[in-house]
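So the chains spell out like this:
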Amino acid sequence: MKLKLIAVLPLLAYIFYTFVNRGVEFNVAPQSFSACDQPAHISNLRWSVTKQGVTAVSIFVNGIGEAETLWGPGELIGTRRTGAWVADGLTFTLRDQQGVVLARRTIDTIRCVGAKFGE
Amino acid sequence: MVCRNVGLKSFSFFLLLIFLWALVWWMDRYSLGYQLSVYMFAWGAVGNSLPFVFLFLLGLLFLNRLIASFFIALLAGIIFYYVNYKKNQYLGKPLSEEDFLFLNNLDGNAIDLFKGYVDLWQVSVFLLVFMFLACLFMFFEARFFTKSSKIRYIGCVVFVSVGVWFLSFGGIGKVYDFKLMRFSWNGPTSILHAGVVSKIIYSLAKLSSANDEPIDVRDIDFFVKKFSSISTPVAEEYDRPDVIMIQSEAFSNPSLFNKVDELHSLLPVYAKAIEQGNAGYMKVPTFGGGTIRTEYEVLSGVPLFALPKIEFPYMQIKARKVETLASEFGRNGYFATAIHANSGSFWNRKNFFEIAGFDKFVTLEQFPVDVVKDGFFMSDKSMTDVIISQLTDNEKKKFIFAVSIEAHGPYESDDIRNGRINKVTLPEGLSEKSKIEYENYIYHISNADTELGRLHDYLELRGKPYILVFYGDHLPAFNSLYKDLSFKNGLPAKAQLVPWVMFSNVPNGSLVASESWLLGAAVVNKAKLNTSAYFQLINRFSIDSKTSNDEQVTRALLSIARSQSQGKFGEHIKVGDVTQ
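Residues numbered from 1 in each chain as written. Chains lettered and ligands numbered in written order. Predicted model: local features only at pLDDT ≥ 70, side-chain atom pairs only at ≥ 80, totals over all residues. Heavy atoms only, no water.

A.B. asks: Can you help me understand the confidence of the model for chain A in this one?
C.D. replies: Note: predicted coordinates in regions of low pLDDT should not be interpreted at a detailed level. Mean pLDDT over chain A: 84, with 87% of residues reaching 70 or higher. Within chain A, strand S7 (residues 91-96) of chain A carries the highest mean pLDDT (95), whereas helix H1 (residues 2-20) of chain A carries the lowest (72). (pLDDT = per-residue confidence, 0-100. Helix = DSSP H or I, 4+ residues; strand = E, 2+ residues; numbered from the N terminus.)

Quick look at the structure:
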């Protein structure tokens, strides 16, 4: 009985996550970079929102520890290319017309094994 | 049947353990506004969950209930991240080690202040529900371990042993290792990689041990007696100059390289300063990075070799108030301004400069809207504009300490520099990668040189007494160039010295500063300030170069430096011990 109860917890979490994200696709490519590379990159965003009640979306962007800035309103389905300013920790937030968060994508980096220096 | 039962229990235990780790990480990401899965499978996420895992294990071993223990650990996580979320929401920054230090001084007024930020009714209901659930499982859940279970006793021994290793034998340092967790010099980046909890544990661990260096009062007495008899003159207030110090990112003398002989065409202002006898070299405590190590030494006059466990002084120095050049100038009626073309939170400068006596800290957020980047970072031109803007009013004498960032690496990118780069004559024998590094680096330090010249011209035209000091914080971090170019003195890159330049229209002699921790004392001496005992003593030590190899003096220096770093030097000397 207890095992069933415990096993159901992650399952519930997965169902909840799937339920919350249904009807929302948001991809950033590439989303991971090598930390050995230069700090600024270009990525391509692609989104498709078919969630009921959502009539318009906006994309916000913020760097690490910074406030969100509106990067532009968009159609429910669209693509957009960034400039060379995509860096570790940069977060793209897709919000609906009421400002509710539909999805977030955060850029990450892969450890640079040979790195010797910091600032 | 027994084996099957043990297997099921183990499976349940590990499932909840993994679930706890994932939930803690998701709460961390959610409270900070990141994608929930970012850096989830990094060591940082594991380290971030450890305190809650320990709590889970503690509950399991002592309460002997699996799910109740899980709920208790999860509740601790929820409370922590609820507070973190609220702080981030209102103040725009997550919980930090300072918040835990702050808890020591929590009083009724502070609680009254903070309770305004939460819905007490909702929080109380939530806590009651969660405690009810924990109690429910506590009373109705079957025991996890059987009576007299050997595994439980072994678990207790292992738990206590790991706890002792963690807290008393350096375990924390090994688990929350800077590289393993991908911590950064920048607090928010550390949190991105390793989570709020990991960052706080790392900072607290460093904070608690790094300042514990022995101080011998007899050594302090010896040092004071030895150097207090040398006198230094003090100027009347109306003679005192404005003092501008610029810490120039990665500025070095490229003509120290073999195959590079022409300095005038690369850095004309610096080359002229050398010819005029207005330049020198000094040893700095870092190479390729670690800017604040040099910065701290210059500002505080404290050599970091006296504090060998301190890696990042602005984050680790444990003192309510720090004596620095800013406080020295402040006591002499100056207005002390710090300028940095980056975020104030970087390297924890904002907090440190507050306790260091600066009256104002102008960061990137306060720069004018028309500032421009050059390469990846804010240009030295824009920073110089900001410096000049701070010199326009006549209310008080000015001490300005500016930290540049334009020449910061990486230098490998070949698509960010403008046409001026073509004028650089390349040394022979460079690989393609080294050529790009050399060109980009020279481009940026030549901008720094140009801006030094512009500021010098401005100060000359302004016609008021001034001292302008300019120095490099460390050598640049090249990945390739050091392999292709050696130095004329035959020493490795890490052993090279960085340049300093001093321009002034006050006739008080030249600077003597062979190390970065002596530079500040030399500047206040040049400005003829009425300085504190510490700066007087190290300046006299610097002038009396014969003593630098004296073992007793060196030992005594460690004690006075440690005492000064903790803001206690005044307590360790008697009034009148050091005369002007």
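A.B. asks: Which parts of the structure should I look at to understand the pairing of strand S9 (residues 498-504) of chain B?
C.D. replies: All names here are of chain B. Of all 7 residues that make up S9, 6 are buried, and the element is covered over most of its length. Judged from the 4 bridges that link them, strand S2 (residues 279-282) and S9 form a sheet pairing that is antiparallel. Residue Tyr 281 lies in a different strand from S9, and its bridge partner there is Pro 499. As defined by bridge partners, strand S8 (residues 466-472) adjoins S9 across 5 bridges and the pair is classed as antiparallel. When the bridges of S9 are listed, Ile 467 appears paired with Ser 504. (Buried < 20%, exposed > 50% of the residue type's maximum accessible area, 1.4 Å probe, protein only. Pairing = 2+ DSSP bridges.)

A.B. asks: Even after reading the chapter, I still don't get the sheet that holds strand S3 (residues 44-49) of chain A, so can you show me in this structure?
C.D. replies: Hydrogen bonding along the main chain pairs the strands of a sheet, whether they run parallel or antiparallel. Residue and element names in this part refer to chain A. Reading across from one edge, S1-S3-S6 is the order of the 3 strands in this open sheet, with antiparallel pairing throughout. Edge strands, defined here as strands with exactly one partner in the open sheet, are strand S1 (24-29) and strand S6 (77-81). Across the sheet, the mean angle from the axis of one strand to that of its neighbour is 10 degrees, orientation sign disregarded. Bridge count between S3 and S6: 5 bridges; the pairing is antiparallel. Among the inter-strand pairings, Asn 44 is bridged to a residue of S6, identified as Arg 81. (Axes fitted to C-alpha atoms, helices over the stretch in contact; angles between N-to-C directions.)

A.B. asks: Help me out: how do you make sense of the interface of chain A and chain B in this one?
C.D. replies: Frequently, the measure chosen for interface size is the accessible area that the parts lose on association. The partner chain B presents 43 residues to the 29 residues of chain A that form the contact. Buried surface at the junction of chain A and chain B, both sides included, amounts to about 2,900 Å², of which 63% is carbon and sulfur. Counting across the chain A and chain B interface gives 0 salt bridges. Here chain A is connected to chain B by 9 residue pairs in polar contact (both at pLDDT 80 or more). When contributions to the side of chain A that touches chain B are tallied by element, the ones reaching two or more residues are H1, strand S8 (101-106) and strand S9 (108-110) of chain A. Per-element tally for the side of chain A that touches chain B: the top contributor is H1(A), with 8 residues. When grouped by side-chain class, the residues that make up the side of chain A that touches chain B number 14 nonpolar, 8 polar and 7 charged. (Contact = heavy atoms within 4.5 Å. Buried area = accessible area lost by both parts, 1.4 Å probe. Salt bridge = Lys/Arg side-chain N within 4 Å of Asp/Glu carboxyl O. Polar contact = N/O pair within 3.5 Å; in protein donor to acceptor, adjacent residues only side chain to side chain. Nonpolar A, V, L, I, M, F, W, Y, C, P; charged D, E, K, R; others polar.)

A.B. asks: I would appreciate a short explanation of the environment of B:Lys483 in the present structure.
C.D. replies: Residue and element names in this part refer to chain B. Structurally, the position occupied by Lys 483 is in helix H18 (residues 481-484). Overall, the relative accessible area of 67% leaves Lys 483 in the exposed class. Along the chain, Lys 483 and Leu 430 lie 53 residues apart, while their C-alpha atoms are 9.2 Å from each other.

A.B. asks: Help me understand the packing of helix H16 (residues 380-390) of chain B against helix H17 (residues 432-462) of chain B in this model?
C.D. replies: Working note: a packed helix pair is described by the angle between its axes plus the distance between those axes. All names here are of chain B. Running from N to C, H16 and H17 point in directions that differ by 20 degrees, and their axes come no closer than 9 Å. Here H16 lies roughly parallel to H17, going by the angle between them. In this structure, H16 meets H17 at a crossing whose hand is right-handed. Along its contact with H16, which presents Asp 380, Lys 381, Thr 384, Asp 385, Ile 387 and Ile 388, the element H17 presents His 444, Asn 447, Ala 448, Glu 451, Arg 454, Leu 455 and Tyr 458. Of the residues contributing to the contact of H16 with H17, the split by class is 5 nonpolar, 3 polar and 5 charged. (Parallel < 35°, antiparallel > 145°, perpendicular 65-115°, else oblique. Left-handed = near helix turned anticlockwise from the far one by under 90°.)

A.B. asks: In this structure, what is going on with H17(B)? I would like to understand it.
C.D. replies: For an α-helix, 3.6 residues make a turn, and residues three or four places apart therefore share a direction. The end-to-end C-alpha distance of H17(B) is 45 Å, a good match for the 45 Å that 31 residues give at a rise of 1.5 Å each. One or two residues past the end of H17(B) sits B:Gly463, with phi positive at roughly 80 degrees. (Expected span 1.5 Å × (residues − 1).)

A.B. asks: It is not clear to me how the packing of aromatic side chains should be interpreted in this structure. Could you clarify?
C.D. replies: Working definition: an aromatic ring pair is given by the centre-to-centre distance plus the angle between the planes. In total, this model carries 47 aromatic pairs over all chains according to the counting rule given. On the basis of an interplanar angle of 45 degrees and a centroid distance of 6.3 Å, the ring pair of A:Trp85 and A:Phe92 is categorised as tilted. Residue classification places A:Phe92 among the buried residues on the basis of a relative accessible area of 0%. Relative to B:Phe56, the ring of B:Phe13 has its centre 5.7 Å away and its plane inclined at 20 degrees; by these criteria the two rings are stacked. Of this pair, B:Phe13 sits in helix H1 (residues 2-32) while B:Phe56 sits in helix H2 (residues 43-63), and the two are 43 residues apart along the sequence. In terms of burial, B:Phe13 and B:Phe56 fall into one category: buried. Grouping aromatic residues by their ring pairs yields a cluster made of B:Tyr296, B:Tyr314, B:Phe329, B:Tyr334, B:Phe352, B:Phe353, B:Phe358, B:Phe361, B:Phe399 and B:Phe401. Positioned above the aromatic ring of A:Trp71, the side-chain terminus of A:Arg80 is 4.2 Å from the ring centre. We note B:Lys9 situated over the ring of B:Phe144; from NZ or CZ to the ring centre the distance is 5.7 Å. (Phe/Tyr/Trp six-rings, centres within 6.5 Å; stacked < 30°, edge-to-face > 60°. Lys NZ or Arg CZ within 6 Å of the ring centre and 35° of its normal.)

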